[in-house]
Amino acid sequence: MSDRCHIIRDMLPLYLDGMLSEDSVGFVEEHLQGCGACREELEKLKAPDDFPRETPERDAAALKAMKRKWNRRVVLLGILLAAAVLAALAGSFFAHHWIGTAREDDAEALAKRAESYLKTESLHLEKTQRRGNYLAALLTDADGRWYMCEYDRDSVFADRWRANGGISGSDGFTVGEMHDWLFGSPQEAVMIYCGVGLPEEAKWYAFRNDDITYICPIEGDVILDVFVVSGGDMGTASILLDEEKEPLKKNSDLVDHVLQREH
């Protein structure tokens, strides 16, 4: 290959790109007419590359396609992330309603819920009474002290109950007396009355709600009653009555109020 062929082959890329002067173009074309080897080299340069050079238009199209693909991935990632967050929130929500509640027929679990709510240890379930969405339980501790715990029906799991009130204290409630837990809302009033080891002469107990006096029998050594009435007026504390329905304690303002007696 002559020195002129070397020069021409160095110029061929510039020739193809139209970057030579008119005199140089004439010089290259004159040589190509008489040199088959350089013509063959020119044809090789004209042939498509294995990796063709991208034009600005192709670059822009490729960039747009890549951006659309990336945007789809971002959207998909956002959807998956939102689904994961919702699943975690739903799991936490249902776990809260499950873990903090107990079934009515699971005495041990109800006792555990009462222990957590009343801040008392080693409780044993003795008796339950349910009315509507409210469940009351009498419990004892290892030392024989008595407690009352009130449970509300769970808003998600209808067969489970959450501790939400009660009669406690470090020594429980007093044996030999009636006790009450009263709650009122604009829709209804909840009244729970309980007693253990009441005086032998006590045969009835009475309380008053919304200008009505209720008189209930005392049967057995352990009393636990739940009343739910419409309206938000809470009942009064209870009084003990003898067999003739006369109060065991005389001259009490509460007695006069419950029995609607004048002073």
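Residues numbered from 1 in each chain as written. Predicted model: local features only at pLDDT ≥ 70, side-chain atom pairs only at ≥ 80, totals over all residues. Heavy atoms only, no water.

## A word on a positive patch on the surface
This is how the line gets drawn: Exposure above 30% relative accessible area and the absence of a salt bridge qualify a residue for a patch, where like charges join within 9 Å and nonpolar side chains (Val, Leu, Ile, Met, Phe, Trp, Tyr) within 5 Å. All accessible areas in this document rest on Shrake-Rupley with a 1.4 Å probe, and a residue is counted as covered only by the protein chains that are shown. Here, a salt bridge means any Lys or Arg side-chain nitrogen found within 4 Å of an Asp or Glu carboxyl oxygen. In this charge count, Lys and Arg are treated as positive and Asp and Glu as negative; neither His nor the chain ends contribute. Charge coordinates come from a single atom per side chain, which is NZ of Lys, CZ of Arg, CG of Asp or CD of Glu. Here a strand is any run of E in DSSP of at least two residues, a helix any run of H or I of at least four, and the numbering for each starts at the N terminus.
Together, Arg68, Lys69, Arg72 and Arg73 make up a positively charged patch on the protein surface. Looking at where Arg72 falls in the secondary structure, it is placed in helix 4 (residues 56-99).

## Some details on the sheet that holds strand 2 (residues 124-131)
The strands that make up a sheet pair up through hydrogen bonds in the backbone, lying either parallel or antiparallel. In plain terms, the rule: The rule for pairing is simple: two strands pair if DSSP sees at least two bridges between them. The contact criterion used throughout is that any non-hydrogen atoms of two residues lie within 4.5 Å. Here, axes are lines fitted to C-alpha atoms. For helices the fit covers the stretch in contact, and angles between N-to-C directions go from 0 to 180 degrees.
Strand order in the open sheet formed by 5 strands is 1-5-4-3-2, with antiparallel pairing between adjacent strands. Lying at the two open borders of the sheet, with one neighbouring strand each, are strand 1 (102-103) and strand 2. Packed on one face of the sheet, helix 5 (residues 107-118) meets strand 1, strand 2, strand 3 (134-140), strand 4 (146-153) and strand 5 (160-167) and runs near 100° to strand 4.

## Some remarks on the side chain of His97
The following threshold applies: Polar contacts, as used here, are pairs of N or O atoms within 3.5 Å; protein pairs need one atom able to donate a hydrogen and one able to accept it. Residues neighboring in sequence count only if both atoms are side-chain atoms.
Relative to the elements of secondary structure, His97 occurs in helix 4. At 2.8 Å, the side chain of His97 forms a polar contact with the side chain of Asp154. When neighbours within four sequence positions are excluded, His97 is seen to be in contact with Asp154, Ser155, Val156, Phe157, Arg160 and Arg162.

## Quick notes on the environment of His179
Stated formally: Using a 1.4 Å probe on the protein chains alone, a residue whose accessible area is under 20% of its type maximum counts as buried, one over 50% counts as exposed, and one in between counts as partly exposed.
The topology assignment puts His179 in strand 6 (residues 178-184). For His179, a relative accessible area of 13% puts it in the buried group. Sequence separation between His179 and Ile167 is 12 residues, and the spatial gap between their C-alpha atoms is 8.1 Å. Excluding residues that lie within four positions of it along the chain, His179 makes contacts with Ile167, Phe173, Thr174, Ile192, Tyr193 and Cys194. In terms of polar contacts, His179 uses its side chain to reach the backbone carbonyl oxygen of Thr174, at 2.8 Å.

## Brief notes about the nonpolar core
Filter applied, for reference: Grouping buried Ala, Val, Leu, Ile, Met, Phe, Trp, Tyr and Cys residues that are joined through side-chain atoms within 4.5 Å yields what is termed a nonpolar core.
Judged by nonpolar contacts, the single largest core of 16 residues is most densely connected at Leu110, Ala114, Leu118, Leu123, Leu139, Cys149 and Tyr151. No other element matches the 5 residues that helix 5 contributes to this core. Counting residues in hydrophobic clusters, the runner-up holds 14 residues, among them Leu138, Met148, Ile167 and Val226.

## Thoughts on the packing of aromatic side chains
Our working rule: Stacked, edge-to-face and tilted are the three classes for Phe, Tyr and Trp ring pairs, Trp counted by its six-membered ring, which pair at centre distances within 6.5 Å; planes under 30 degrees apart are stacked, over 60 edge-to-face, the rest tilted.
Counted by the stated rule, this structure contains 9 aromatic pairs. Ring centres of Trp181 and Phe183 lie 6.2 Å apart, and the angle between their planes is 20°; this geometry places the pair in the stacked category. Overall, the relative accessible area of 17% leaves Trp181 in the buried class. For Phe183, a relative accessible area of 34% translates into the label partly exposed. Taking the centre distance of 5.1 Å and the plane angle of 55° together, the rings of Phe207 and Phe227 count as tilted. With Phe207 in strand 8 (residues 204-209) and Phe227 in strand 10 (residues 222-230), the pair connects residues that are 20 residues apart, well separated along the chain. Looking at Phe207, the relative accessible area reads 0%, which means it is buried. Each member of the aromatic cluster is reached from another via a ring pair, and the members are Tyr193, Tyr205, Phe207, Tyr214 and Phe227.

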